[in-house]
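Structural characterization, general
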Amino acid sequence: LHFWATWCPPCREELSGLLALGDELRRSGRAELVAVTVDTDWEAVRTFFGGDPPAAIYKDVSGRAAGAYDVATLPDTFLLSADGAPILRFAGARDWRSDAAREVLEQHLVRR
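Note that the structure is a prediction, hence the values are computed from the model and not measured.

This part is about the sheet that holds strand 3 (residues 57-59). The 5 strands lie next to each other as 3-2-1-4-5, forming an open sheet whose pairing is mixed. In this open sheet, the two edge strands, each paired with only one partner strand, are strand 3 and strand 5 (86-91). Across the sheet, the mean angle separating the axes of adjacent strands is 25 degrees when strand polarity is ignored. With 5 bridges joining them, strand 4 (residues 76-80) and strand 5 adopt antiparallel strand pairing. Following the sheet pairing, Asp-76 is matched in strand 5 by Ala-91. Sheet contacts for helix 1 (residues 9-28): strand 1 (2-4) and strand 3; angle to strand 1, the most-contacted strand, approximately 145 degrees. Those strands touched by helix 4 (residues 99-108) are strand 4 and strand 5, and its axis lies near 165 degrees from that of strand 5.

What counts and what doesn't
Residues numbered from 1 in each chain as written. Predicted model: local features only at pLDDT ≥ 70, side-chain atom pairs only at ≥ 80, totals over all residues. Heavy atoms only, no water. Pairing = 2+ DSSP bridges. Helix = DSSP H or I, 4+ residues; strand = E, 2+ residues; numbered from the N terminus. Axes fitted to C-alpha atoms, helices over the stretch in contact; angles between N-to-C directions. Contact = heavy atoms within 4.5 Å.

All we've got here are geometric facts, nothing functional implied.
Now the structure itself:
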C-alpha cells in the first residue's frame with residue numbers, strides 16, 4: 001500500500017520503480033501493489049501519466065485511507081499481510097529498483 005501525490009517530488013521520482021516492482025510481484029503472484037494518490041484532482045493524475053493511470057493507481061476519494069494509516073508525510077509505503085495488518089513501513093522515498101529494497105521485501109514476502 002503506497003501513498004503518493006503528483007505534486008510531491010520524491011513521490012514522482014520513486015513511482016516508476018515502484019510500479020515496475022509492483023508489476024513483477026503481481027505477475028509472480030507474490031503481492032499486489034495499491035498506489036493511492038492523495039491528489040484531490042484526478043485530472044492531475046491523468047496528466048501526470050499522460051492518459052489513463054496504471055491499474056495499480058487508486059484515488060483516496062474520502063481521504064480516510066491515509067488517515068487510517070497515519071500518513072503524515074509522502075511518500076509512505078506499507079507492506080501489509082493478507083488480512084491487511086501492517087508488516088513493514090517505509091516512510092519516505094526508496095529506490096525500489098535497488099537490490100537492498102528487494103532484499104528487505106524478500107525477507108517478508110510469503111512464498112506461495
